Amino acid sequence: MLRRLGLSAFGHSPHTSTSPIAGKPFSRMGFFCTENRAILWAMTDSMDRPVSRPKWWRSRRVLLKATAGLSTVALIAMAATMVLGARTTIRTPAASLTVDVVRNDVFRDFVTLRARVVPRDVVYLDALEGGQVEDVFVQAGDLVTAGQPLLRFRNTTLELEVLDREGRLVESITQLQTYEKQLEDTRLANEKAVARIQYDIVRLQRLAERRDALLAKGYVSRDQHDAVHDELAYNRRLLPLQMSANREQDELRRQQVPQIKAELESLRESLVITRSKLQSLVVRAPVAGRLTEMDLKTGEIRERGQRLGQITPNTGLKLQAEIDQYYLERIEVGQTGHVLISGRNTPFRVVRVDPQVKDSTFKIEMVFDEPQPTGLLPGQALEGRLTLGGDRAGLVLPAGPFLERSGGDWVMVLDNSGHRAERRRVRLGRRNAEQVEVLSGLAVGERVLTSDYASFEKVDQVILTK
């Protein structure tokens, strides 16, 4: 480009010539390059002039950030409007729904129950030792008396253990008895030693008196006289030493004898218990009554602690019922109710409340307030009611399956057209199998869907179709 620019300017080829200034040679190509460079510098200088920008361009970053923030806020507002303003609707055939009306009525505070007749007392039979069933003397359903043999086990291992334990206990008892006898023999020997010393003192004192008289007359020698007096003095010094030793040994014996007797008594009791282990191989009835739930065959093996059966004493019957956990805090011992027996309401009284909840229910036990009705059998089911409190007038809604899903916090209320039901927050109070007490959220005459809300848990309104 520079080359073409140079040629078009001068129309000559670049050759070396003499400079017209100072007569010095110079290169035409160098001249052209210098001139072109000057032109380029002039062009660059004119292109690099600063371009003025508007004021809003200086705050571009601020504007971008503000725009992004406003966009985010707008999106959030739109989403919230869509979520809050959207109403979930479902269409359901009217024939599949139950509709009830809120009324002013008397709320009857009770809970219905299905009671089961059970024995008042039950005595369980468990294997104390276990083993192989050798003989079965009775069967389930038989009436037994207290102490009657029911079955017998065979357990060779237990028999060997009992024999070994019994031998060691007898050996220990024999050793203690021998030691006790040694203490008694020592006591007797010590008493004999004291008596012997006292006897020798009396004898030697008499002999010394006679020797004194004979020595004065010259009938005995001095040696014979002194020997008697020396022996008498020795026994007099020996007597207090022997008596002191006897006292110490008697004190020790008095401390050890009670301990020995207590240990002997414990060993004898252990021996009785050990021998009774063999007796426990024969299972006997602890009380009189009817034997139930025992199904054993000869040759069967049962481990220690296994349930063998149970005996129902003739102490009467009671009632058991499972109640919904909703009523746990409202049921107490002493509350009354009635069950229907042969077309007659028979009163009962609550005697026990088991607070443990299992499968959303808890158990209560009841007894009859009057003589037990005849003809009742264990396992029989009876229908009844348990009174919880007093009756009270107010707004009442018929109970229904809707309570299980809503928990009494909301209901579906029909509008005046009867074709649309909308969710509404309410507050419900006490309830029984037939009624629910309305505390707020509903008015007299309003219609409520009381059927199952399984399809309405996330629905705001229901359209009833034909």
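Just so we're clear, the structure is a prediction, and the values are computed from it rather than from any experiment.

Draft legend 1. How the structure looks around the overall build of the protein. For the protein, the count of helices and strands is 7 helices and 26 strands. Looking at the 466 residues of the protein, the share that counts as buried comes to 29%. When contacts within the protein are restricted to residue pairs at least 6 apart in sequence, long-range pairs at least 24 apart make up 75% of them. Counting every atom, the protein has about 30,500 Å² of accessible surface; 53% of that belongs to carbon and sulfur.

Draft legend 2. Representation of the environment of Arg 405 in the model. Positionally, Arg 405 belongs in helix H7 (residues 402-406). Take Arg 405: its relative accessible area is 40%, and that puts it in the partly exposed class. Considering only alpha carbons, one finds Arg 405 and Ser 455, 50 residues apart in sequence, at a separation of 9.6 Å. Ignoring anything within four residues of it in the chain, the contact list for Arg 405 reads Asp 452, Tyr 453, Ala 454 and Glu 457.

Draft legend 3. Region of the structure containing the nonpolar core. Residues Val 411, Met 412, Leu 442, Val 448, Leu 449, Tyr 453 and Phe 456 are the most contacted members of the largest nonpolar core, which totals 23 residues. Elements that contribute at least two residues to this core include exactly H7, strand E21 (410-414), strand E24 (435-440), strand E25 (447-449) and strand E26 (461-465). Among all residues touching Tyr 453, those that are not within four sequence positions of it are Phe 402, Arg 405, Ser 406, Trp 410, Val 411, Met 412 and Val 448. Counting 22 residues, the second-largest nonpolar core is a separate cluster that includes Val 111, Leu 113, Ile 331 and Leu 382.

Draft legend 4. Fine view of the pattern of salt bridges. A full pass over the atoms with the stated rule returns 31 salt bridges. For Arg 154, the salt bridge goes to Glu 134, with nearest N and O atoms at 4.0 Å. With Arg 154 in strand E10 (residues 149-154) and Glu 134 in strand E8 (residues 131-136), this pair connects stretches of sequence that are 20 residues apart. Using a relative accessible area of 42% as the deciding quantity, one classes Arg 154 as partly exposed. In this structure, the salt-bridge partner of Arg 405 is Asp 452, at a minimum N-O distance of 3.6 Å. Within this pair, whereas Arg 405 is found in helix H7, its partner Asp 452 is found in the loop between E25 and E26, the two being separated by 47 residues in sequence. Within the structure, one salt-bridge network assembled from shared partners comprises Asp 109, Arg 330, Arg 392, Arg 430 and Glu 437.

Draft legend 5. View of the packing of aromatic side chains. Counting across every chain of the model gives 4 aromatic pairs. Consider the rings of Trp 410 and Tyr 453, whose centres lie 5.1 Å apart with planes at 20 degrees: the pair is stacked. Note that Trp 410 is positioned in strand E21 and Tyr 453 in the loop between E25 and E26, a separation of 43 residues in sequence. Tyr 453 matches Trp 410 in its accessibility class, with the two residues each being buried. Pairing Tyr 453 with Phe 456 gives two aromatic rings, centres 5.7 Å apart and planes at 50 degrees, and the pair type is tilted.

Rules behind the numbers
Residues numbered from 1 in each chain as written. Predicted model: local features only at pLDDT ≥ 70, side-chain atom pairs only at ≥ 80, totals over all residues. Heavy atoms only, no water. Helix = DSSP H or I, 4+ residues; strand = E, 2+ residues; numbered from the N terminus. Buried < 20%, exposed > 50% of the residue type's maximum accessible area, 1.4 Å probe, protein only. Contact = heavy atoms within 4.5 Å. Areas by Shrake-Rupley, 256 points an atom, 1.4 Å probe, with all protein chains shown as cover. Core = buried A, V, L, I, M, F, W, Y, C linked by side-chain atoms within 4.5 Å. Salt bridge = Lys/Arg side-chain N within 4 Å of Asp/Glu carboxyl O. Phe/Tyr/Trp six-rings, centres within 6.5 Å; stacked < 30°, edge-to-face > 60°.

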